[in-house]
Amino acid sequence: MANFILVFCWSGEVLSSFLFRLGDVRVGQVLAALLCFLCFDLSSIHAGPYDPPANYYNSATGTGSTLKSQLHNIIDAHTVRSYNAARSLLQITDQDPNDPDRMILVYDRISLDVSAINPNGSIPGWDSAATWNREHTWPRSRGVDSSGPDNSDLHQLRPSTTQVNSDRDNLNFGGAFGAQNFGTVFDQGSLKWYPGDADAGMIARQQFYMATRYDNSDSSTDDLEIVDGNPGIGGSTLGDLDRLIEWHFAAPPDEFELRRNDVIYDDYQGNRNPFIDRPEYVWSVFVDQQNDTRLAIDGTNPGSDGGSSMEVDLGRVLIGAPVPSSQGVTINKTGVDGTYYSVAAAGLATSTMTEGYHAFRTGASGSATLQVGLDTNTTSAGSRSGSVTIDNLDVTTAGGAGRGANDADDVIDITLEVLDHANPSFAVDSNQDLLVHDFGTIAEGSTSPMFEFDIFNLESTLGFTAGLQLDQIVGFGDALAFQTDFSSLLSGTPVVAGSGATVSATLNTSVPGEFSSSYLLSFSDEDLPGASALGTIEVMLSGTVEAAVSETADFNEDGDVDGSDYLAWQRGLAAGATLAEGDSNGDMTVDSLDLSFWRDQYASVAATRAIASVPEPSAAVLLLAAMLLLLNTPPRQF
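None of these values were measured; they are calculated from a predicted model.

S.K.: Before we go on, may I ask you to explain the overall build of the protein in this structure?
M.R.: Each helix and strand counted, the protein has 13 helices and 28 strands in total. Counting the 638 residues in the protein, one finds 46% classified as buried. Across the protein, contacts joining residues at least 24 apart in sequence account for 70% of those joining residues at least 6 apart. Of the roughly 29000 Å² that the protein leaves accessible, carbon and sulfur atoms contribute 52%.

S.K.: Hey, could you run me through helix α5 (residues 197-213) in this one?
M.R.: The α-helix advances 3.6 residues per turn, and as a result positions three or four apart in sequence lie on the same side. Between its first and last C-alpha, α5 extends 25 Å over 17 residues, near the 24 Å set by a 1.5 Å rise per residue. Extensive coverage of α5 is indicated by the burial of 15 of its 17 residues.

S.K.: Sorry if this is basic, but what is going on with the side chain of R213 here?
M.R.: Tracing the sequence through the fold places R213 in helix α5. For R213, a relative accessible area of 1% corresponds to the buried category. With residues up to four places along the chain from it excluded, the contact list for R213 reads H72, I75, D76, A77, H78, D153, D218 and N271.

S.K.: How should I be thinking about the packing of α5 against helix α6 (residues 241-250) in this particular structure?
M.R.: For the pair α5 and α6, the least separation of the axes is 8 Å and the interaxial angle reads 125°. In terms of their interaxial angle, α5 and α6 are classed as oblique. Considering the relative orientation of α5 and α6, their crossing is left-handed. Side by side, α5 and α6 meet where A200, G201, I203, A204, R205, Q207 and F208 of the first sit next to L241, L244, I245, W247 and H248 of the second. Residue composition of the contact of α5 with α6, by class: eight nonpolar, three polar and one charged.

S.K.: Help me out: how do you make sense of the nonpolar core in this one?
M.R.: In a soluble, globular protein the nonpolar side chains are often hidden away together inside. Counting residues in hydrophobic clusters, the biggest one holds 44 residues, and the most contacted among them are L71, F208, W247 and F286. The greatest single-element share of this core, amounting to seven residues, is contributed by α5. Aside from chain neighbours lying at most four places away, what touches L71 is Y57, A60, T212, P274, F275, Y281 and V285.

S.K.: Which parts of the structure should I look at to understand the sheet that holds strand β18 (residues 366-374)?
M.R.: One open sheet holds the four strands; their spatial order is β12-β14-β18-β16, and the pairing between them is antiparallel. The sheet terminates laterally at β12 (294-297) and β16 (349-351), the two strands that pair on one side only. Strand-to-strand twist across the sheet, computed as the mean angle between neighbouring axes with direction ignored, equals 30°. Pairing of β16 with β18 involves three bridges; the strand directions are antiparallel. Looking at β18, one finds that A349 is bridged to L374.

S.K.: Just checking my understanding: could you explain the pattern of salt bridges for this structure?
M.R.: For the structure on display, the rule yields 19 salt bridges. One salt-bridge network, in which partners are shared between bridges, spans D94, R109, R158, D199 and R260.

S.K.: Can you help me understand the sheet that holds strand β25 (residues 482-484) in this one?
M.R.: Think of a sheet as strands paired side by side through backbone hydrogen bonds, with each pair either parallel or antiparallel. The strand order across the open sheet built from four strands is β21-β23-β26-β25, with neighbouring strands paired in antiparallel fashion. Either end of the sheet is taken by a strand with one partner, and the two such strands are β21 (424-425) and β25. Across two bridges, the pairing between β21 and strand β23 (residues 450-457) is antiparallel. The residue bridging S425 from the neighbouring strand is F456, located in β23.

S.K.: Help me understand unusual backbone geometry, please; the structure alone is not making it clear to me.
M.R.: Excluding glycine, most residues fall at negative phi; most peptide bonds, likewise, are trans. The omega torsion of the bond from G239 to D240 falls at 5°, within 30 degrees of zero and hence cis. Relative to the helices and strands, D240 is located in the loop between β11 (237-238) and α6. Phi is positive for A77, close to 55°, though the residue is something other than glycine. Inspection of the secondary structure puts A77 in the loop between α2 (64-75) and α3 (86-93). Residue classification places A77 among the exposed positions, given a relative accessible area of 66%. Even without being glycine, A129 reaches a positive phi, approximately 70°. Assignment of secondary structure puts A129 in the loop between β5 (111-113) and β6 (132-136).

S.K.: Just checking my understanding: could you explain a nonpolar patch on the surface for this structure?
M.R.: On the surface, a nonpolar cluster with roughly 260 Å² of combined accessible area is contributed by L434, V436 and M540. Judged by its relative accessible area of 57%, V436 is exposed.

S.K.: I would appreciate a short explanation of the packing of aromatic side chains in the present structure.
M.R.: The description of two aromatic rings rests on the distance between their centres and on the angle between their planes. Taken as a whole and judged by the stated rule, the model has 23 aromatic pairs. Measuring from ring centre to ring centre gives 6.1 Å for Y340 and Y357, while their planes differ by 75°; the resulting arrangement is edge-to-face. Of this pair, Y340 sits in strand β15 (residues 339-347) while Y357 sits in the loop between β16 and β17 (358-360), and the two are 17 residues apart along the sequence. Taking the relative accessible area as the measure of exposure, Y340 reaches 1% and is therefore buried. Judged by its relative accessible area of 26%, Y357 is partly exposed. Residues Y341 and F360 carry aromatic rings whose centres are separated by 4.9 Å and whose planes lie at 20° to one another, so their mutual orientation is stacked. One end of the pair, Y341, is in strand β15; the other, F360, is in strand β17, with 19 residues separating them in the sequence. A relative accessible area of 2% means that Y341 is categorised as buried.

S.K.: What is the right way to look at the environment of S160 in this model?
M.R.: For S160, the location among the structural elements is in strand β7 (residues 157-161). On the basis of relative accessible area, S160 is assigned to the buried category, the value being 0%. For the pair formed by S160 and I104, sequence separation is 56 residues and the distance between their alpha carbons is 8.5 Å. For S160, the side chain forms a polar contact with the main-chain nitrogen of N165, separated by 3.4 Å.

S.K.: Sorry if this is basic, but what is going on with the packing of α3 against helix α7 (residues 255-269) here?
M.R.: The axes of two packed helices give the description: the angle between them and the distance between them. At their nearest, the axes of α3 and α7 sit 9 Å apart, and the two run at 130° to each other. The angle between α3 and α7 falls in the class oblique. Taking contact as the criterion, the partners of L89, L90, I92 and T93 in α3 are, on α7, R259, R260, V263, I264 and Y268. Classifying every residue of the contact of α3 with α7 gives six nonpolar, one polar and two charged.

S.K.: Whenever I open this one, the pairing of strand β4 (residues 99-104) confuses me. Can you help?
M.R.: Where a strand is regular, its side chains alternate between the two sheet faces. Bridge count for strand β3 (residues 95-96) against β4 is two bridges, and the pairing is antiparallel. If you follow D96 over to β4, its bridge partner there is D99. Hairpin connection, β3 to β4: the antiparallel pair is bridged by two residues. Across three bridges, β4 lies against β5 in antiparallel orientation. Residue I104 lies in a different strand from β5, and its bridge partner there is S111. Counted between consecutive antiparallel strands, the loop separating β4 from β5 contains six residues, among which Y107 sits at a positive phi close to 75°.

How each quantity is defined
Residues numbered from 1 in each chain as written. Predicted model: local features only at pLDDT ≥ 70, side-chain atom pairs only at ≥ 80, totals over all residues. Heavy atoms only, no water. Helix = DSSP H or I, 4+ residues; strand = E, 2+ residues; numbered from the N terminus. Buried < 20%, exposed > 50% of the residue type's maximum accessible area, 1.4 Å probe, protein only. Contact = heavy atoms within 4.5 Å. Areas by Shrake-Rupley, 256 points an atom, 1.4 Å probe, with all protein chains shown as cover. Expected span 1.5 Å × (residues − 1). Axes fitted to C-alpha atoms, helices over the stretch in contact; angles between N-to-C directions. Parallel < 35°, antiparallel > 145°, perpendicular 65-115°, else oblique. Left-handed = near helix turned anticlockwise from the far one by under 90°. Nonpolar A, V, L, I, M, F, W, Y, C, P; charged D, E, K, R; others polar. Core = buried A, V, L, I, M, F, W, Y, C linked by side-chain atoms within 4.5 Å. Pairing = 2+ DSSP bridges. Salt bridge = Lys/Arg side-chain N within 4 Å of Asp/Glu carboxyl O. Patch = residues over 30% accessible without salt bridge, like charges linked within 9 Å, V, L, I, M, F, W, Y side chains within 5 Å. Phe/Tyr/Trp six-rings, centres within 6.5 Å; stacked < 30°, edge-to-face > 60°. Polar contact = N/O pair within 3.5 Å; in protein donor to acceptor, adjacent residues only side chain to side chain.

On their own, these measurements won't tell you what the molecule is for.
This is the structure we're talking about:
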């Protein structure tokens, strides 16, 4: 790098500039930056590192020749630097971004170590064009006067090796983009110069600048024009416009070009190249007002205004889960013209196409893919959203509805829901992890009683709580004595937050006994990223099934209740404990209750017999005697 540092003090405009010789010491650079910071007018701070001031192009409101004239007035009357000064200035404007001791040469893109060239000479980095020279991208022989401001305009001068400078000579530009390296090409019937893919777009914009800045209004200048084909030397025209248009849309401005434009504006000339800052002006100024481009998001149906929209749903995840990956979206261009477009993210949205200028080439339809997502985290429940807007920046309006400047924006909305964990409970409004139910005492063989209860999914965060999923049931104790339908939750849909699922349990009455069982229910969140186990809740069931009593008075089991059964009861009175001894109800005691069973059943049998015959006197006598005996029987002692 040349050992000179330029320091500027600003207050809305350049007040002065000083050239300091600081040798190899880099302290000068630090000093320059410090002085610029102290003297800089805050009103001229740009929105981005290389953006123009916010109001710089406010007067550029027209199209076509009107727009060209407005741009000329904006960039006219710049501070003119001498052609000799360019020997040092180009070392700064074209500095290698990766090494301040080097600069990038045009066409071959060599990174030249200028710090090793004449380091102690009067012009460090310059050896009288033995190594490199100042390339007029618009040749002198095509209208640039050697004594006018166009001759030393840094927006068109580039450093080049002396040999490459000579090889280019004064050829018109030409050659298809991407078809070959830099050098001479035979294009459309003529020998032309192709600057190489890395420089083609930048070279095109430098020529657009020259044709706009110089209109013969400055002394010692001509009206420079770009035309199609291969114009001859001696005039003020340069070709080939068609190829320059192609290159402009094929290779948008990169950081090197943006920085160079800003350095020339800030540090040296006080004017900018509008076709770097606003590349969308090119079609209107140099082609026509009927740009036919329409941009739309793939898979959507754009409206009559050309606008389209889509939603990218990143889904639902639990707190703590990774943010879902971004998704690809394709932008389609219809129409064969070229256009520039911007991609702007809002809210939490992200896009692999960053803010700035992007372009679709001329000559065919096209498409471009970007990844969109959300820059967020999942530390709390709630919704996340953002949007990405694609704007066709063309300024022409005669291309029809939904074309060029009439093409409405295309919007991608990106959403994500972060859910809190589910919460199982037996209560609808509070945490209840244990439920106890006793069926009581039920007679053997009776209808099985049913117990119904609900399992609720409490809303941990209102509107953003995951569904509840039953994973496992583990029973302990007399599990076979109870029937439950917990299993229906195992394969069913998750319980929605804020609601419940009804479960039932019944007691099996076919076997007598005392029963109890405990059921541990294990739950988890519904099957979403970040789902986790939620622990267990417990149901405890109990109940008693009482054995059935036969209550028969056929003590001798001869199939008939008669006087002989009465005699069996009489013998066992106060002493027996079995059916044969007169215990009719199985309480292991023979007493008056057993006699009443005999009496009822005997009377039933006797009534049945009376239908067919009159009862024998002996039977009536026996019955009377039994009643008298019962009345005179003393109480049983225990």
